[in-house]
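# Chains, contacts and geometry: an overview
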Amino acid sequence: MSEKQASARVRRSPEEVRSAVHQAVIDLLCDPEGEDLNIPAIAHRAGVNHTSVYRRWGSLDALLADMVTTRLERDSPLNDTGSLRGDLLAWAEANVVSFRTPEGRALMRAVVLSMPNSSRARAERAPQFERRMRSIEQIRRRATARGEDPPPVEQILDQLIAPFYIRALFGIDVPAHGYAELLVDRLLGDASGPSGAPGTNRPA
């Protein structure tokens, strides 16, 4: 490393280092020919010493969780469209737009990679997934206040959110048009009974 590079390291503030490390994670996840995702590779890409990364985050899992939480907190607040379907569709369409960018796909992969592995940790809601859960709960509260009967949280997770993460993990893109509508229509259709009444399940 040159003297100029070393000097640049010293001049960076802690927040600048944090931002550079977060971006290095995204860059590595975006690069199909990149190095394995580990702290030395991330530190090298960010231009920082790997010991500094270990001191600040302690582990790759903690770094991923911090990066994901920070990026998800940048999400725009959910607008009230006036209906359950409209709110769900707006959320899904925003995810389609994000997914169709390399950084958006990388962030979704990072969310999955950052989830805790232990049964004890899984029993508590991971902070990096809290933003997604708050969005779902906000949409459900609005629907209930309007007199609508929203699907259970688990059903929204399974049918509206999980498909994006599965595609991100397997490297499958989403169509530019119609995918959000397809997911929402399936979700709300499955939340209706044979007569179309909301809140009941179709028979198997």
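Residues numbered from 1 in each chain as written. Predicted model: local features only at pLDDT ≥ 70, side-chain atom pairs only at ≥ 80, totals over all residues. Heavy atoms only, no water.

### Focus: the overall build of the protein chain
When helices and strands are counted, the protein chain shows 11 helices and 0 strands. Going residue by residue from the N terminus, the α and β elements of the protein chain occur as α-α-α-α-α-α-α-α-α-α-α. Expressed as a percentage of its 204 residues, the buried residues of the protein chain come to 38%. A separation of at least 24 residues holds for 64% of the contacts in the protein chain among residues at least 6 apart in sequence. (Helix = DSSP H or I, 4+ residues; strand = E, 2+ residues; numbered from the N terminus. Buried < 20%, exposed > 50% of the residue type's maximum accessible area, 1.4 Å probe, protein only. Contact = heavy atoms within 4.5 Å.)

### What to know about the side chain of Arg 71
Tracing the sequence through the fold places Arg 71 in helix H5 (residues 60-72). Apart from residues lying up to four places away in sequence, Arg 71 is in contact with His 22, Gln 23, Ile 26, Glu 103 and Leu 107.

### With respect to the pattern of salt bridges
Close approach of charged atoms lets side chains of opposite charge pair. Scanning the model with the defined rule gives 10 salt bridges in all. Where Asp 87 meets Arg 146, a salt bridge forms, and the shortest distance between an N and an O atom there is 3.4 Å. On the criterion of sequence distance, the pair formed by Asp 87 in helix H6 (residues 84-99) and Arg 146 in the loop between helix H9 (127-145) and helix H10 (153-170) is long-range, its members being 59 residues apart. For Asp 173, the salt bridge is made with Arg 100, and the minimal N-O distance between the two is 3.7 Å. With Asp 173 in the loop between H10 and helix H11 (179-190) and Arg 100 in the loop between H6 and helix H7 (102-114), the pair connects residues that are 73 residues apart, well separated along the chain. (Salt bridge = Lys/Arg side-chain N within 4 Å of Asp/Glu carboxyl O.)

### What to know about the environment of Phe 164
Looking at the element boundaries, Phe 164 is found in helix H10. Separated by 69 residues in sequence, Phe 164 and Asn 95 have C-alpha atoms that sit 7.9 Å apart. Residues within four places of Phe 164 in sequence aside, it is in contact with Ala 92, Asn 95, Val 96, Phe 99, Met 108, Val 174, Tyr 179 and Leu 183.

### Things to note about the packing of helix H2 (residues 14-30) against H5
Close contact between H2 and H5 brings their axes to 10 Å; oriented N to C, the two are set at 95 degrees. Considered as vectors, H2 and H5 are oriented roughly perpendicular to each other. Of the residues in H5, those in contact with Arg 18, Val 21, His 22, Gln 23, Val 25 and Ile 26 of H2 are Leu 63, Leu 64, Asp 66, Met 67, Thr 70 and Arg 71. When grouped by side-chain class, the residues that make up the contact of H2 with H5 number 6 nonpolar, 3 polar and 3 charged. (Axes fitted to C-alpha atoms, helices over the stretch in contact; angles between N-to-C directions. Parallel < 35°, antiparallel > 145°, perpendicular 65-115°, else oblique. Nonpolar A, V, L, I, M, F, W, Y, C, P; charged D, E, K, R; others polar.)

The quantities given are spatial measurements derived from coordinates; they are silent on function.
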